[in-house]
Amino acid sequence: MKNGRSILLIAQLVVMLILLVFVSINGIRFKADLLSMLPNTEYPNAVAHAESKLFSQAANRIMLSFSGDAKAQAYDDMLEGIQKYGWQAQLPESQQIERLAAFYSQFSGALLSEGYKREIASPVSFEQYFLHQLSQVSSPWISKTINTDPSLATASYLEHILSVQAALILENGRLVAANSPEKPLVLFIALSADPKDSQGVNFSIKTANELSSLTNMLAAKYASVKIDASGMVLHTAENAANAKWEMNVFGGLSLTLTLLIVIWAFRSLAPVLWLSFTIANAFVFGFCIVAVTFDAVHFITLVFGVTLIGVGVDYCLHVLTNRYSKDKISVGKTIFFAFITTFLCYSLLFFTPLLILKQVAVFVSAGLFAAFVASFWIEKTSSLSWVNRGIRPRNCERLLKLLTQTPRLNVAFGGLILILFIVKTPVFDDNIAMLNASSTSLTEAQSYHHQLLGQQGKIRVFLYEQSLQSLLKNEEDLADKLTREFSNIELVKLSDWIPSTRNQVANRQLQQHAYHSDVYGPLLQLSPNFKLAANNDLVTLNNFVAANGSDYIARYYVDVEPFHVSVLEIGNISLSQLRPIVENTHNAVIFDKQSALTEVLKSFRKQMTYWLLGAIALISILLWARFDWSTMLKSLFVIVVSISGALVASSLYQHSLNIFNLLSAILLMGLAVDYLIFHREHPKTNANILAITLSALSSLLVFGMLAFSQTPAIYSFGITVTAGLILIYLLAPLVIKEENEQRSI
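**Thoughts on a nonpolar patch on the surface**
Line of reasoning, step 1. Judged by side-chain polarity, Leu17, Leu20, Val21, Ile25 and Val284 come together as a nonpolar surface patch covering roughly 440 Å² of accessible area.
Line of reasoning, step 2. Per element, the largest residue contribution to the nonpolar patch is four residues, and it comes from helix α1 (residues 2-26).
Line of reasoning, step 3. Here Leu20 lies in helix α1.

Right, here's the structure in full:
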């Protein structure tokens, strides 16, 4: 038997060594961006891929805003400062009127704004329009286009497409947020030629530190200037920094305190060495498995992995404490059964839609296996021969008596918790925004910048077709339908920049009809030689991009083989008003990722509730099969009360619960089964009560630490498990049968 356990440990260590070599050779990618770990939403593949491309583009950029008396000087100093880091300042191409005017003037007549179409409906209306426009001597649209297009059609079109994006204007070579009272200056910074680089953890942290040094320097130099920064790279850096700090502090502190408790309990360093070996084996094996299973390891996974300290030491503690009993009770079968139940509970997390929880499931499940193998081997190791000089048997007896002398009171207490759970049923908030781990300052800066860009409250609609012309026509039809029904609606779309061929041909025919109807009489009086453009050239995607126009449409067009995808940004309309129209539009989807993710989490939470009930039923059957009906019913009572009480306590602290509170209930069930099994298998032994108490203390240390996390998902998990552990420890002795005689150490 001993040889079998040694072979099992050696095999596990060999596998771990091979995995370590493999990981060392191939390297490890880390992630800290929570968005990348969220579940997939049920959007069409073309839309999902297009949004992913747009997200990658946004991840490569930082936006800065400067407000205050010396904002221009700070802006210029920042421009100079970013050069030493190889960053590039970006000015939106839509501000370069000359460039647009030169391009669109080639297609005079094919591009007519809706306002211009109304003006050329009659000679009288055009004459009033024409004379009024000529009086606008400062108009950049007219001054840049009148020589190439005296009909003012191009000027009107330029004014139209740029007015819908007039959140930023160019003054003295600097971008200004025109719609904000304080007129802050805006600077866009491109970080890397490869957008993938900007999503790496090390790159993000390095960039955030460099930007922080620049902004701190400018803040000291210009005290009156307020500089706000936003960008995905900053969120990634902040999440990574928080996760690293929590992993090191929570892990180091909980491990140190756990080992100190063991030293205090045993008054010997030998148990500490065995316990350290068990924890190290579990951590390294769990990390290796998760590193080879997934493309990248998320830092949040490692923070959750700290729970291995509290859960993985249980088996070793039971082995160590039972070495002191006079009859040397074997706990091998007991810890195996306990391992199976906890392993199954953690494994359920693998079937969640959240990639973080899939990684946690693999990490902790593999770690639990390694902890079990080490503990299983330690139990039969002959070198375990030390004398307990720590906690005396009398102290264990007093503690056991305290926990078991009032079973009716415990039952009444549990009943009170169940009543409280029914009366004050916890409310769940499935909004994905509740899981946002970014700081308030960073979130507020991002919201402020959305406001400056006029993007707050905008709804995005994705359209996709295999033919670009079909896409443009579909987009124009949808826009026409919306503008007819909602007069104040705001629309920004791809077909503003590249109208469909159908639209351009119709425009040219409309202008020719106006010309032959003498609408352009006032113009002919000033310029008798005026004639409509003889060429029939039209704006196409190819000639638009060839004229370096791709930057204009970067936010509104994505090529996803075999589809062309466009994005409409729509304002001044509610989602309820827009939804029925979009639903009746071919290949059109309202893209609201937050709402979609919220629905996914809501559906998954309901599914998890059934999983939890099913798991409780399965555990009850296993306990009945191993013990008896009485033990099963008592265990069921303890599990249900512990989970209910933990959720109520979490609700009182958090006000509303989330999916991670419910997921922690599954772990609580596994921990409860461990305690119940040890109480039932080895009732009223001093070694057993000592092991359970030490296990509870170590688990409370670990999960209690998580309750102080800055990440909502982690502290929700920590609060619920901590509250549940206390209840489990107090109620689990209910399964002890009174007829069993107490053994002494």
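Structure shown, so let's carry the discussion forward.
**Some points on the pairing of strand β11 (residues 557-560)**
Line of reasoning, step 1. Where β11 meets strand β12 (residues 563-571), four bridges bridge the pair, whose relative direction is antiparallel. What sits directly across from Val560, in β12, is Phe563.

**Some thoughts on the packing of aromatic side chains**
Line of reasoning, step 1. Using the criterion set out here, one finds 32 aromatic pairs in the structure.
Line of reasoning, step 2. Ring centres of Phe336 and Phe372 lie 5.7 Å apart, and the angle between their planes is 50°; this geometry places the pair in the tilted category. Placement of Phe336 in helix α14 (residues 332-347) and of Phe372 in helix α15 (residues 355-379) is noted, with a sequence separation of 36 residues between them.
Line of reasoning, step 3. Every member of this aromatic cluster is reached through a ring pair, and the members are Phe285, Tyr315, Phe336, Phe339, Phe343, Phe369, Phe372 and Phe376.
Line of reasoning, step 4. It is Lys226 that lies over the ring of Tyr448; its NZ or CZ is 5.9 Å from the centre.
Line of reasoning, step 5. Between the NZ or CZ atom of Lys358 and the centre of the ring of Phe350, over which it lies, the distance is 5.2 Å.

**A closer look at the confidence of the model for the protein**
Line of reasoning, step 1. Counting all residues, the mean pLDDT for the protein is 82, and 90% of those residues have values of 70 or more.
Line of reasoning, step 2. Within the protein, helix α19 (residues 468-485) carries the highest mean pLDDT (93), whereas helix α16 (residues 393-404) carries the lowest (64).
Line of reasoning, step 3. A low-confidence stretch, residues 739-745 (pLDDT under 50), is modelled with 21 contacts involving residues beyond four sequence positions or located in other chains.

**Observations regarding helix α13 (residues 307-322)**
Line of reasoning, step 1. With 16 residues, α13 extends 24 Å between its outermost C-alpha atoms, agreeing within 8% with the 22 Å of an ideal straight helix rising 1.5 Å per residue.
Line of reasoning, step 2. A maximum bend of about 35° is found in α13 at Asp314.
Line of reasoning, step 3. Among the 16 residues in α13, 16 count as buried, and that is most of the element.

**Description of unusual backbone geometry**
Line of reasoning, step 1. Residue Pro562 is bonded to the preceding Glu561 through a cis peptide linkage, with omega at 5°.
Line of reasoning, step 2. Topologically, Pro562 is positioned in the loop between β11 and β12.
Line of reasoning, step 3. Backbone geometry places Asp518, a non-glycine residue, at a positive phi of 60°.
Line of reasoning, step 4. Under the relative-accessibility criterion, Asp518 is labelled exposed at 54%.
Line of reasoning, step 5. In this structure, Asn572 is a non-glycine residue whose phi angle is positive, near 60°.
Line of reasoning, step 6. Of note, Asn572 is situated in the loop between β12 and α24 (575-583).

**Things to note about the nonpolar core**
Line of reasoning, step 1. By size, the foremost hydrophobic cluster in this structure holds 113 residues, and its most contacted members are Tyr346, Ile639, Ile643, Met669 and Phe703.
Line of reasoning, step 2. Residue contributions to this core peak at 16 residues, all from helix α27 (residues 659-681).
Line of reasoning, step 3. If sequence neighbours within four positions are ignored, Phe703 has contacts with Thr307, Val311, Tyr346, Leu667, Leu671, Phe717, Gly718, Val721, Thr722 and Leu725.
Line of reasoning, step 4. Within the second largest apolar cluster, 60 residues are counted, among which are Leu111, Trp497, Val519 and Val582.

**What about the side chain of Asn661?**
Line of reasoning, step 1. Along the chain, Asn661 turns up in helix α27.
Line of reasoning, step 2. Those residues in contact with Asn661 that sit more than four places away from it in its chain are Leu647, Ser650, Gln654, Ser716 and Thr720.

**Remarks on the packing of α14 against α15**
Line of reasoning, step 1. Between α14 and α15, the shortest axis-to-axis distance is 9 Å and the interhelical angle comes to 175°. The angle between α14 and α15 places the two elements in the roughly antiparallel class. Mapping the contact onto sequence places Gly332, Ile335, Phe336, Phe339, Thr342, Phe343, Tyr346 and Ser347 in α14 and Val360, Ala361, Val364, Ser365, Leu368, Phe369, Phe372, Ser375, Phe376 and Glu379 in α15.
Line of reasoning, step 2. Looking at the contact of α14 with α15 residue by residue, the classes come out as 12 nonpolar, five polar and one charged.

**A closer look at the packing of α19 against helix α21 (residues 501-516)**
Line of reasoning, step 1. Running from N to C, α19 and α21 cross one another at 70°; their axes reach a closest spacing of 8 Å. Between α19 and α21, the interaxial angle falls into the category roughly perpendicular. Across from Gln469, Lys473, Glu476 and Asp477 in α19, the residues of α21 making contact are Thr501, Arg502 and Asn503.
Line of reasoning, step 2. Residues belonging to the contact of α19 with α21 are distributed by class as follows: no nonpolar, three polar and four charged.

So, how was this worked out
- Residues numbered from 1 in each chain as written.
- Predicted model: local features only at pLDDT ≥ 70, side-chain atom pairs only at ≥ 80, totals over all residues.
- Heavy atoms only, no water.
- Patch = residues over 30% accessible without salt bridge, like charges linked within 9 Å, V, L, I, M, F, W, Y side chains within 5 Å.
- Areas by Shrake-Rupley, 256 points an atom, 1.4 Å probe, with all protein chains shown as cover.
- Salt bridge = Lys/Arg side-chain N within 4 Å of Asp/Glu carboxyl O.
- Helix = DSSP H or I, 4+ residues; strand = E, 2+ residues; numbered from the N terminus.
- Pairing = 2+ DSSP bridges.
- Phe/Tyr/Trp six-rings, centres within 6.5 Å; stacked < 30°, edge-to-face > 60°.
- Lys NZ or Arg CZ within 6 Å of the ring centre and 35° of its normal.
- pLDDT = per-residue confidence, 0-100.
- Contact = heavy atoms within 4.5 Å.
- Expected span 1.5 Å × (residues − 1).
- Bend = angle between axes of the 7 residues up to and from the residue.
- Buried < 20%, exposed > 50% of the residue type's maximum accessible area, 1.4 Å probe, protein only.
- Core = buried A, V, L, I, M, F, W, Y, C linked by side-chain atoms within 4.5 Å.
- Axes fitted to C-alpha atoms, helices over the stretch in contact; angles between N-to-C directions.
- Parallel < 35°, antiparallel > 145°, perpendicular 65-115°, else oblique.
- Nonpolar A, V, L, I, M, F, W, Y, C, P; charged D, E, K, R; others polar.

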